[in-house]
Amino acid sequence: MPGERREAVAEQNVPTHATDTMAYQVATDVRALRAFVSAGALARGLSAERVELLTLAVSELATNTLQHTTGGGWVRLWAESGQLFCDVVDHGPPRAFGRSMPAADSVRGRGLAIVEQICDEVAVLAGPGETVVRIRLSL
């Protein structure tokens, strides 16, 4: 169910299968990042409707990176066992998920809540000097 967080996505190691990776550093990179994610997800068999959701989620996470961290980040995309995984990696602190959607008149704060609502699973993995937000959608 979208928005549900379980440990399975967090336990998924960095893939041994083929991955696509793209870095982004400035706001003008986000358009190319969305195209990269869309093309990669379609090529791996995600439905067009779900590709739009994944692209929105990655765009929100990348924008969050650019607004709240330095040095940009990168995205890894892969599929295995009927699942599409996407890591959004940066050098910022771990994200706090599990928030409710902000009020309609709020100016900010919807990005992470949207990601949780539209992805099948979301996990935050913190490592030395990096934070990974891993999202999963069933193919």
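Up top you'll find the structure we're talking about.
Residues numbered from 1 in each chain as written. Predicted model: local features only at pLDDT ≥ 70, side-chain atom pairs only at ≥ 80, totals over all residues. Heavy atoms only, no water.

Engineer: Which residues make up the pattern of salt bridges, and what values go with them?
Structural biologist: Within the structure shown, the criterion is met by six salt bridges. Note that D87 is salt-bridged to R76, the shortest N-O span being 2.8 Å. Taken together, the residues D87 in strand β3 (residues 83-90) and R76 in strand β2 (residues 73-80) connect sequence positions eleven residues apart. For the pair D87 and R76, one class covers both residues: buried. Notably, a salt bridge pairs E121 with R136, separated by 2.4 Å at the nearest N-O pair. Of this pair, E121 sits in strand β4 (residues 121-127) while R136 sits in strand β5 (residues 130-138), and the two are 15 residues apart along the sequence. Each of the two residues, E121 as well as R136, counts as buried. Each of the salt bridges in this network shares a partner with another, and the network as a whole consists of R50, D120, E121 and R136. (Salt bridge = Lys/Arg side-chain N within 4 Å of Asp/Glu carboxyl O. Helix = DSSP H or I, 4+ residues; strand = E, 2+ residues; numbered from the N terminus. Buried < 20%, exposed > 50% of the residue type's maximum accessible area, 1.4 Å probe, protein only.)

Engineer: Just give me the short version of the environment of V88, but keep the residues and values in it.
Structural biologist: Topologically, V88 is positioned in strand β3. Assessed through its relative accessible area of 3%, V88 is described here as buried. In sequence terms V88 and T65 are 23 residues apart; their C-alpha atoms lie 8.9 Å from each other. If near-sequence neighbours (up to four positions away) are discounted, V88 is found in contact with Y24, V58, L61, A62, W74, V75, T131, V132 and V133. (Contact = heavy atoms within 4.5 Å.)

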